[in-house]
Amino acid sequence: QETLFTPLQAGAIKLKNRLVMAPLTRNRAMNDDDAPMDMHVKYYTQRAADAGLLITEATQISPEGKGYAWTPGIHSDAQVAAWKRVTDAVHDAEGKIVMQLWHVGRISHTSLQPSGQQPVAPSAIRANAPTFEGEKMVDVSEPRALELDELPRIVEDYRIAAENAKKAGFDGVEVHGANGYLLDQFLKDGTNHRDDAYGGSLENRARLLFEVLDVVEDVWGADRVGLRLSPFSGVNDATDSDPAALADYLIDRLKDRGHAYLHMIEGQTGGPRDWPDEVDIGALKARYGGVWMGNNGYDRDLAISRVAEGKADLVAFGVPYIANPDLAKRLERNAELNAPDKDTFYGGGEAGYTDYPFLEQAAMNAHIA
Ligand SMILES: C=C(C(=O)O)c1ccccc1
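Residues numbered from 1 in each chain as written. Predicted model: local features only at pLDDT ≥ 70, side-chain atom pairs only at ≥ 80, totals over all residues. Heavy atoms only, no water.

**Some thoughts on the overall build of the protein chain**
Turning to step 1, where the next piece is worked out: Across its full length, the protein chain carries 11 helices and 14 strands.
Turning to step 2, where the next piece is worked out: Taken against the 2.2 N^0.38 rule, which gives 21 Å for 369 residues, the C-alpha radius of gyration of the protein chain at 19 Å falls within 12% of a compact globule.
Turning to step 3, where the next piece is worked out: The principal-axis extent of the C-alpha atoms belonging to the protein chain is close to 65 × 45 × 35 Å.
Turning to step 4, where the next piece is worked out: For the protein chain, the proportion of its 369 residues judged to be buried stands at 58%.
Turning to step 5, where the next piece is worked out: Excluding contacts between residues fewer than 6 apart, the proportion of contacts in the protein chain whose partners are at least 24 apart in sequence is 72%.
Turning to step 6, where the next piece is worked out: Counting 38 positive and 57 negative side-chain charges, the protein chain places the centres of these two groups 4 Å from one another. (Helix = DSSP H or I, 4+ residues; strand = E, 2+ residues; numbered from the N terminus. Rg over C-alpha atoms; globule rule 2.2 N^0.38 Å. Buried < 20%, exposed > 50% of the residue type's maximum accessible area, 1.4 Å probe, protein only. Contact = heavy atoms within 4.5 Å. Lys, Arg positive; Asp, Glu negative; His and termini not counted. Charge placed at Lys NZ, Arg CZ, Asp CG, Glu CD.)

**Quick notes on the sheet that holds strand E12 (residues 261-265)**
Turning to step 1, where the next piece is worked out: Read around the barrel, eight strands follow the order E3-E4-E5-E10-E11-E12-E13-E14 and close on themselves; strand pairing throughout is parallel. Mean inter-strand twist for the sheet, computed between neighbouring axes without regard to direction, equals 25°.
Turning to step 2, where the next piece is worked out: Relative to the sheet, helix H2 (residues 77-92) contacts strand E4 (53-60) and strand E5 (97-102), its axis offset from that of E5 by approximately 150°. (Pairing = 2+ DSSP bridges. Axes fitted to C-alpha atoms, helices over the stretch in contact; angles between N-to-C directions.)

**Some remarks on the site of the ligand**
Turning to step 1, where the next piece is worked out: Surrounding the ligand, one finds Thr25, Ala58, Tyr68, Trp102, His176, Asn179, Tyr181 and Tyr346.
Turning to step 2, where the next piece is worked out: A distance of 2.8 Å is found between an oxygen atom of the ligand and a side-chain nitrogen or oxygen belonging to His176.
Turning to step 3, where the next piece is worked out: Asn179 has a polar side-chain atom sitting 2.9 Å from an oxygen atom of the ligand.
Turning to step 4, where the next piece is worked out: In the complex, the protein chains occlude 79% of the 300 Å² of accessible area that the ligand would expose alone.
Turning to step 5, where the next piece is worked out: Structurally, the ligand is housed in the largest pocket.
Turning to step 6, where the next piece is worked out: Grouping the constituent residues of the shell around the ligand by class yields five nonpolar, three polar and no charged. (Near = heavy atom within 4 Å. Polar contact = N/O pair within 3.5 Å; in protein donor to acceptor, adjacent residues only side chain to side chain. Areas by Shrake-Rupley, 256 points an atom, 1.4 Å probe, with all protein chains shown as cover. 1 Å grid on protein atoms, 1.4 Å probe; cavity = no way out; pocket = protein on both sides within 12 Å on 5 of 7 lines; lining within 4 Å. Sits in = over half its atoms within 2 Å of the grid points. Nonpolar A, V, L, I, M, F, W, Y, C, P; charged D, E, K, R; others polar.)

**With respect to the nonpolar core**
Turning to step 1, where the next piece is worked out: Counting 83 residues, the largest nonpolar core has Val216 and Leu250 as its most contacted members.
Turning to step 2, where the next piece is worked out: Here this core gets 10 residues from one element, more than from any other, and that element is helix H5 (residues 202-220).
Turning to step 3, where the next piece is worked out: If near-sequence neighbours (up to four positions away) are discounted, Val216 is found in contact with Leu101, Tyr158, Ala162, Val173, Val175, Gly221 and Val225.
Turning to step 4, where the next piece is worked out: Formed by 15 residues, the second largest nonpolar core is a distinct cluster that contains Leu53, Val98, Ala260 and Ala316. (Core = buried A, V, L, I, M, F, W, Y, C linked by side-chain atoms within 4.5 Å.)

**Topic: the pattern of salt bridges**
Turning to step 1, where the next piece is worked out: Throughout the structure, instances matching the rule amount to 26 salt bridges.
Turning to step 2, where the next piece is worked out: Between Arg333 and Glu360 there is a salt bridge whose closest N-O contact spans 3.4 Å. Residue Arg333 is found in helix H10 (residues 327-333), and its partner Glu360 is found in helix H11 (residues 359-368); the two are separated by 27 residues along the sequence.
Turning to step 3, where the next piece is worked out: Under the relative-accessibility criterion, Glu360 is labelled partly exposed at 39%. (Salt bridge = Lys/Arg side-chain N within 4 Å of Asp/Glu carboxyl O.)

**Let's talk about the layout of surface pockets**
Turning to step 1, where the next piece is worked out: Looking at the largest pocket, its volume works out to about 990 Å³.
Turning to step 2, where the next piece is worked out: Lining the largest pocket we find 33 residues, and of these Leu24, Thr25, Asn179, Thr269 and Tyr346 sit closest to its centre.
Turning to step 3, where the next piece is worked out: When residues of the lining of the largest pocket are traced back to their parent elements, those giving at least two are E5, strand E7 (130-132), strand E14 (314-317) and helix H9 (319-323).
Turning to step 4, where the next piece is worked out: The element that contributes the greatest number of residues to the lining of the largest pocket is H9, accounting for three residues. (Points joined across faces, edges and corners; volume = space filled by probe spheres on them.)

**Examining helix H7 (residues 281-288)**
Turning to step 1, where the next piece is worked out: When H7 is considered as a whole, its buried residues turn out to be Ile281, Gly282, Leu284, Lys285 and Tyr288. The buried residues of H7 occupy an angular sector of 160° when the element is viewed end-on, so they sit on one face.
Turning to step 2, where the next piece is worked out: Of the surrounding elements, those touching the buried residues of H7 are helix H6 (243-254), E12, strand E13 (292-295) and helix H8 (300-308).
Turning to step 3, where the next piece is worked out: The N-cap of H7, judged by a side-chain oxygen 2.8 Å from the amide nitrogen of Gly282 a few residues on, is Asp280. (Arc of directions from axis to C-beta.)

**Structural notes on the environment of Asp184**
Turning to step 1, where the next piece is worked out: Topologically, Asp184 is positioned in helix H4 (residues 182-187).
Turning to step 2, where the next piece is worked out: Among the residues examined, Asp184 registers a relative accessible area of 1% and is labelled buried.

**Overview of the packing of aromatic side chains**
Turning to step 1, where the next piece is worked out: Scanning the entire structure with this criterion turns up 10 aromatic pairs.
Turning to step 2, where the next piece is worked out: Aromatic side chains Tyr43 and Tyr353 sit 4.1 Å apart centroid to centroid with 15° between the ring planes, which places their arrangement in the stacked category. Residue Tyr43 is found in helix H1 (residues 38-48), and its partner Tyr353 is found in the loop between H10 and H11; the two are separated by 310 residues along the sequence. The exposure classification of Tyr43 matches that of Tyr353, with both residues buried.
Turning to step 3, where the next piece is worked out: Plain terms: the ring middles of Phe345 and Tyr346 are 6.3 Å apart, the flat faces sit at 90° to each other, and that makes the pair edge-to-face.
Turning to step 4, where the next piece is worked out: Given a relative accessible area of 8%, Phe345 falls into the buried group.
Turning to step 5, where the next piece is worked out: Grouped by ring-pair contacts, the aromatic residues Tyr43, Tyr44, Trp83, Phe170 and Tyr353 constitute a single cluster.
Turning to step 6, where the next piece is worked out: Across from the ring centre of Tyr198, 5.9 Å away, lies the NZ or CZ of Arg207, which sits over that ring.
Turning to step 7, where the next piece is worked out: Across from the ring centre of Phe210, 4.1 Å away, lies the NZ or CZ of Arg253, which sits over that ring. (Phe/Tyr/Trp six-rings, centres within 6.5 Å; stacked < 30°, edge-to-face > 60°. Lys NZ or Arg CZ within 6 Å of the ring centre and 35° of its normal.)

Right, here's the structure in full:
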């Protein structure tokens with residue numbers, strides 16, 4: 001009997017349960033190397049023994065791919081060495097961890113870009129979206145449209161990042177194709193107005209995504225590659241005129257690639273679980289045929305029921321894993337959950353990062369009190 005708490009083979013990666021820590025930007029790589037630090041090792045290790053799979057916070061593949069203050073990268077030797085400390089500690093705790101490979105595209109600010117350059121995008125269309133430049137929230141900058149002959153360099157940056165993630169000891173990688181960042185900007189016709197082979201038709205708009213998947217699969221083998229998509233979400237001002245058609249097209253092209261999983265944001269990112277009326281998520285999953293990681297607004301009941309109904313194979317939890325390092329244990333026991341502190345989601349130090357109590361600890365504290 002398969003439940004939320006039973007093991008699953010996701011491609012080449014064996015998982016002890018169906019709970020996944022979703023990729024969570026925490027803006028805490030506060031150093032000149034844009035590299036994880038001691039507290040990152042502690043944060044991921046606290047959750048490693050509990051979750052079937054950890055996905056790292058979104059990690060930029062290149063300096064150009066950075067869009068917020070203090071997000072980590074995977075393009076330098078210092079970053080590889082720092083991430084190796086994370087994966088070693090996670091593996092010592094019997095955890096599994098993949099890295100989310102990220103390029104923000106136009107969701108950036110000149111102050112965060114190498115030599116203050118404009119952010120890059122499929123088209124020169126500024127997003128109506130904010131970013132955090134280190135002191136305050138600012139509007140994202142006006143991007144410039146990538147030249148056709150720059151795209152092979154971008155694909156190469158993904159290949160190098162995938163190689164670096166392998167050197168850093170990860171169990172696999174997740175390509176970030178969601179939430180209005182570079183690859184999603186190419187996919188959606190609201191953000192991609194190109195008139196060359198990378199714009200217009202669905203095939204053209206998905207071209208860069210599949211060129212990236214090709215090189216990442218070359219490095220890792222498809223069975224250690226995941227992909228995150230958000231066709232139904234308009235986050236970061238990235239919308240498509242026909243999300244249902246976009247989802248169908250991508251699912252049909254992805255179903256035979258043998259990926260470890262497909263990570264689908266079901267609805268509006270961090271918002272309502274809504275999608276076009278003609279879309280049936282369960283039918284999409286059946287059409288995909290591979291391991292389906294559902295995300296967005298799952299609570300204990302929904303997670304248990306959708307796995308039991310075969311509508312999700314894995315469930316990625318965001319905020320619940322911020323506040324509960326032992327979430328799987330708490331859900332299995334139907335124990336109370338810690339209240340998340342929104343004020344410490346982004347930026348800062350160990351407060352609101354590594355100091356949320358464990359169930360045993362909480363019980364013990366209660367006993368002492
Ligand atoms: C990487 C992010 C995403 O995928 O939405 C992100 C970035 C900044 C804040 C929250 C989330």
